[in-house]
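These are the residues of each chain, in order.
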Amino acid sequence: HSYIVGCPRVAVPYDNKEQEARYPCEGYYMAMTLLAVKLVEITELFSLQVPPSRGTARGCSRLQVKVGISSGPVACVVLGLIKRFYCLYGTTVNFAARLSSAGRHGVVTLSQEVAREVTVRLPSPLTSSNRGEVLLKGLGMLEIWDVLLPGTYLNRLVNGNEGAGVFGHAGE
């Protein structure tokens, strides 16, 4: 399943003054990135009981998440008066979805624009890695960045520390 988180501007789609103003990038990109980091960390705490299927035994499967963050204009539709439903459309949404698809489990993948603001200010122990140009379906070759979280399953495998648990605790 895919989920989209929109910026605060999405909540006021009919406010022309708000929509036409330059978006205040300071702090928003970092806030989106740190939200994504928390989602990855929380997801790592869960595992799912998997029913046996053809040729596999019943077991435990790790719940995994991939996150893509992009920034830019979107079109929004708000349906309903009491229980509102928001739909976001546009190249920015497609770009974020492609970043997520090209991403790896346990990693937050950023567009170059977002990475420019975030990677120089990442709080320790988060690190970033330029993945270079990657072919994104329908968008071509684009430079993307990963935010790496210490203690996630992928990073434990990459660093050869598979026995350490989430947040460095042993014995998951």
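Everything below is about the structure printed above this text.
Observations regarding the pairing of strand 7 (residues 127-136)
Across nine bridges, the pairing between strand 7 and strand 8 (residues 140-148) is antiparallel. Bridge pairing links Val-134 to Leu-142 in strand 8. Taken together, strand 7 and the strand that follows it, strand 8, pair antiparallel across an intervening segment of three residues, in which Gly-138 is found at a positive phi of about 80°.

A look at helix 2 (residues 28-43)
An ideal rise of 1.5 Å per residue puts 22 Å on 16 residues; helix 2 measures up with 22 Å between its terminal C-alpha atoms. What helix 2 keeps buried is the set Tyr-29, Met-30, Thr-33, Ala-36, Val-37, Val-40, Glu-41 and Thr-43. Taken down its axis, helix 2 places every buried residue within 165° of arc, on the same side. Residues of helix 2 that are buried in the fold lie against strand 3 (67-69), strand 6 (107-111), helix 4 (112-118) and strand 8.

Calculation notes
- Residues numbered from 1 in each chain as written.
- Predicted model: local features only at pLDDT ≥ 70, side-chain atom pairs only at ≥ 80, totals over all residues.
- Heavy atoms only, no water.
- Pairing = 2+ DSSP bridges.
- Helix = DSSP H or I, 4+ residues; strand = E, 2+ residues; numbered from the N terminus.
- Expected span 1.5 Å × (residues − 1).
- Buried < 20%, exposed > 50% of the residue type's maximum accessible area, 1.4 Å probe, protein only.
- Arc of directions from axis to C-beta.
- Contact = heavy atoms within 4.5 Å.

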